[in-house]
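# Architecture at a glance
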Amino acid sequence: KVTLVDRSGNTISTASKSSSANTTNSTPSQPTIPNANPNDYINQIANLQKAAKQQEYENAYNKVMSQIEESRAKTKAEYQAQRNNADVTNQLQQKNYFENVANRGQTNSGSTSQGELALKIAGMNNQSALQNTQLQAMADLNRDANNAYSDYVNNVVTSNANIDIQRYQNLLEQYRIDQEK
């Protein structure tokens, strides 16, 4: 069964293939298109091609974005774990330092305060370096996401333009055919 639809969505014609059970050489009849405008079909095909291509590119974009989101989550977790480890390491260094100072009996000296300050600054520098590295990794992922979106838009625009070129060539050819009649 073949149903033909014009650009307004109205059914123009429905034709069924017929066959005869009693005849061995029967051939199905061709669908008839009474007063159908071929331009409507050319436009309909082009619109279907555009929709299919856009869906194809959208699926690819969504796949890339899913991978980027997964990478973002992993990056956050990895750097949080690294910051936690750096914090634990710094706390252990401070504990060892204070135990060493206490064993020497220098708990109230000025050098103790300087050593404590140096350890705290080193810990903050480690945290800062990890934060900067994470921010760079996240910026790279954001750039990848922006590039994926740009690729998606460019692919859709290019595809639509190519389909429109083919549509206009087909419409022009149909015009020439109609003029020859």
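Residues numbered from 1 in each chain as written. Predicted model: local features only at pLDDT ≥ 70, side-chain atom pairs only at ≥ 80, totals over all residues. Heavy atoms only, no water.

### Quick look at the overall build of the chain
Scanning the chain from N- to C-terminus turns up two helices and two strands. From first element to last, N terminus to C terminus, the chain shows the α and β order β-β-α-α. Of all 181 residues assigned to the chain, the portion counted as buried reaches 23%. Taking the intrachain contacts of the chain between residues at least 6 apart in sequence as the baseline, contacts between residues at least 24 apart amount to 66%. Carbon and sulfur atoms make up 49% of the accessible area of the chain, which amounts to about 12900 Å² in all. (Helix = DSSP H or I, 4+ residues; strand = E, 2+ residues; numbered from the N terminus. Buried < 20%, exposed > 50% of the residue type's maximum accessible area, 1.4 Å probe, protein only. Contact = heavy atoms within 4.5 Å. Areas by Shrake-Rupley, 256 points an atom, 1.4 Å probe, with all protein chains shown as cover.)

### Quick notes on the confidence of the model for the chain
Confidence in the prediction for the chain averages 83 pLDDT; 78% of positions are at 70 or higher. Counting contacts from residues 13-34, a segment whose pLDDT is below 50, to residues more than four positions away or on other chains yields 26 contacts. (pLDDT = per-residue confidence, 0-100.)

### A look at the pattern of salt bridges
Using the criterion set out here, one finds ten salt bridges in the structure. Measuring nitrogen to oxygen at the nearest pair gives 3.5 Å for the salt bridge that ties K53 to E56. Linking K53 with E56, this pair stays in helix α1 (residues 38-104), spanning three residues, or about one helical turn. Note on K53: relative accessible area 30%, which makes it partly exposed. One network of salt bridges, with partners in common, ties together K50, D164 and R167. (Salt bridge = Lys/Arg side-chain N within 4 Å of Asp/Glu carboxyl O.)

### Some details on the environment of E69
Positionally, E69 belongs in helix α1. A sequence separation of 76 residues divides E69 from A145, and the C-alpha atoms of the two residues are 9.0 Å apart. For E69, the side chain forms a polar contact with the side chain of R72, separated by 2.3 Å. (Polar contact = N/O pair within 3.5 Å; in protein donor to acceptor, adjacent residues only side chain to side chain.)

### Quick look at the side chain of Q174
Tracing the backbone through its elements, the reader meets Q174 in helix α2 (residues 110-180). If we skip the residues at most four places from it in the chain, Q174 touches P38, N39 and I42.

### Some details on the side chain of R83
By the element assignment, R83 lies in helix α1. The charged side chain of R83 is buried without a salt bridge, its nearest counter-charge being D87 at 9.6 Å. R83 has contacts with Q127, L130, Q131 and Q134, leaving out every residue within four places of it along the chain. (Lys, Arg positive; Asp, Glu negative; His and termini not counted.)

### Observations concerning the packing of aromatic side chains
With the rule as written, the count across this model stands at four aromatic pairs. Through a chain of ring-to-ring contacts, three or more aromatic side chains come together here, namely Y61, Y149 and Y152. (Phe/Tyr/Trp six-rings, centres within 6.5 Å; stacked < 30°, edge-to-face > 60°.)

### Here we look at the nonpolar core
When a protein is soluble and globular, its nonpolar side chains tend to lie buried together. Residues Y57, Y61, M65, I68, M138, L141, A145, A148, Y152 and V156 constitute the largest nonpolar core, which totals ten residues. Among the secondary structure elements, those contributing two or more residues to this core are α1 and α2. Tallying contributions element by element places α2 first for this core, with six residues. Setting aside its immediate chain neighbours within four residues, V156 contacts Q54 and Y57. (Core = buried A, V, L, I, M, F, W, Y, C linked by side-chain atoms within 4.5 Å.)

### As for the environment of N170
Note on placement: N170 falls in helix α2. As for N170 and N39, which are separated by 131 residues in sequence, their C-alpha atoms are 8.5 Å apart.

### Quick notes on the environment of V101
Looking at the element boundaries, V101 is found in helix α1. Overall, V101 belongs to the buried group, its relative accessible area being 2%. For the pair V101 and G115, spaced 14 residues apart in the sequence, the C-alpha separation amounts to 9.6 Å.

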